[in-house]
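# Results of the structural survey
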Amino acid sequence: MSEDVRLVAWVRGQVQGVGFRWFTRARALELGGMSGFALNLADGRVQVVAEGPRERCEGLLEWLRGDDTPGHVDGVTEIWDTPRGGYEGFAIR
């Protein structure tokens, strides 16, 4: 059984105004077992916080870095931590 983790990722590029947060939520729900959110930041990035099994969070990160996202991703910076809890489902903020 996989350990639960917390992934925080900051996605740079043309990722606002293109449905990026909606598709991120849809991908997280498709992978299943994760909670968290996707949030537009004032500097043009999208912040993604996901908590759940490591392999599912890694799958979401792989998708964020892939070619199947809306808009255009120039880069993703991530940190890994222990889960903090407190999220119900996966939200768009």
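Residues numbered from 1 in each chain as written. Predicted model: local features only at pLDDT ≥ 70, side-chain atom pairs only at ≥ 80, totals over all residues. Heavy atoms only, no water.

You'll find the chain entered in an unreviewed UniProt entry as acylphosphatase, with Streptomyces mutabilis given as the organism. According to its UniProt record, the chain has this under Sequence similarities (unreviewed entry): "Belongs to the acylphosphatase family." (UniProt positions renumbered as here; feature names shortened; annotations may be inferred.)

This part covers the UniProt feature "active site" (unreviewed entry) in the chain. Here the UniProt feature "active site" (unreviewed entry) sits at R21 and N40. Their sequence span is 20 residues, while the largest C-alpha to C-alpha distance among them is just 7.8 Å; these annotated residues converge on one region. Looking at where R21 falls in the secondary structure, it is placed in helix α1 (residues 20-31). Note on R21: relative accessible area 23%, which makes it partly exposed. Its place among the elements puts N40 in strand β2 (residues 35-40). (Helix = DSSP H or I, 4+ residues; strand = E, 2+ residues; numbered from the N terminus. Buried < 20%, exposed > 50% of the residue type's maximum accessible area, 1.4 Å probe, protein only.)

Turning our eyes to something else, we now look at a nonpolar patch on the surface. Taken together, the side chains of W22, F23 and I92 present a nonpolar region at the surface, about 320 Å² in accessible area. With respect to the secondary-structure elements, W22 resides in helix α1. Residue classification places W22 among the exposed positions, given a relative accessible area of 51%. (Patch = residues over 30% accessible without salt bridge, like charges linked within 9 Å, V, L, I, M, F, W, Y side chains within 5 Å. Areas by Shrake-Rupley, 256 points an atom, 1.4 Å probe, with all protein chains shown as cover. Salt bridge = Lys/Arg side-chain N within 4 Å of Asp/Glu carboxyl O.)

Within the secondary structure layout, T24 lies in helix α1. Beyond its immediate chain neighbours, meaning those up to four positions away, T24 contacts A38, V48, L60, W63, L64 and F90. (Contact = heavy atoms within 4.5 Å.)

So, about the pattern of salt bridges. Applying the stated criterion across every chain yields a total of seven salt bridges. Here E51 and R6 are joined by a salt bridge, their closest N and O atoms 2.7 Å apart. Residue E51 is located in strand β3 (residues 46-53), and its partner R6 is located in strand β1 (residues 4-14); the two are separated by 45 residues in the primary sequence. With respect to class, E51 is no different from R6; both count as buried. One salt bridge connects R65 with E78, and the closest N-O pair in it is separated by 2.4 Å. A residue pair is termed long-range when its members are at least 10 positions apart, and R65 in helix α2 (residues 54-65) and E78 in strand β4 (residues 72-81) qualify at 13 residues.

Across the eight residues that make up β3, a large majority, eight, are buried. Judged from the eight bridges that link them, β1 and β3 form a sheet pairing that is antiparallel. Looking across to β3, one finds that W10 is bridged to Q47. Pairing of β2 with β3 involves six bridges; the strand directions are antiparallel. Bridging across to β3, F37 finds its partner in V49. Taking the residues that link successive antiparallel strands as the turn, the β2-β3 hairpin has five residues, and the phi of G44 there is positive, at about 100 degrees. (Pairing = 2+ DSSP bridges.)

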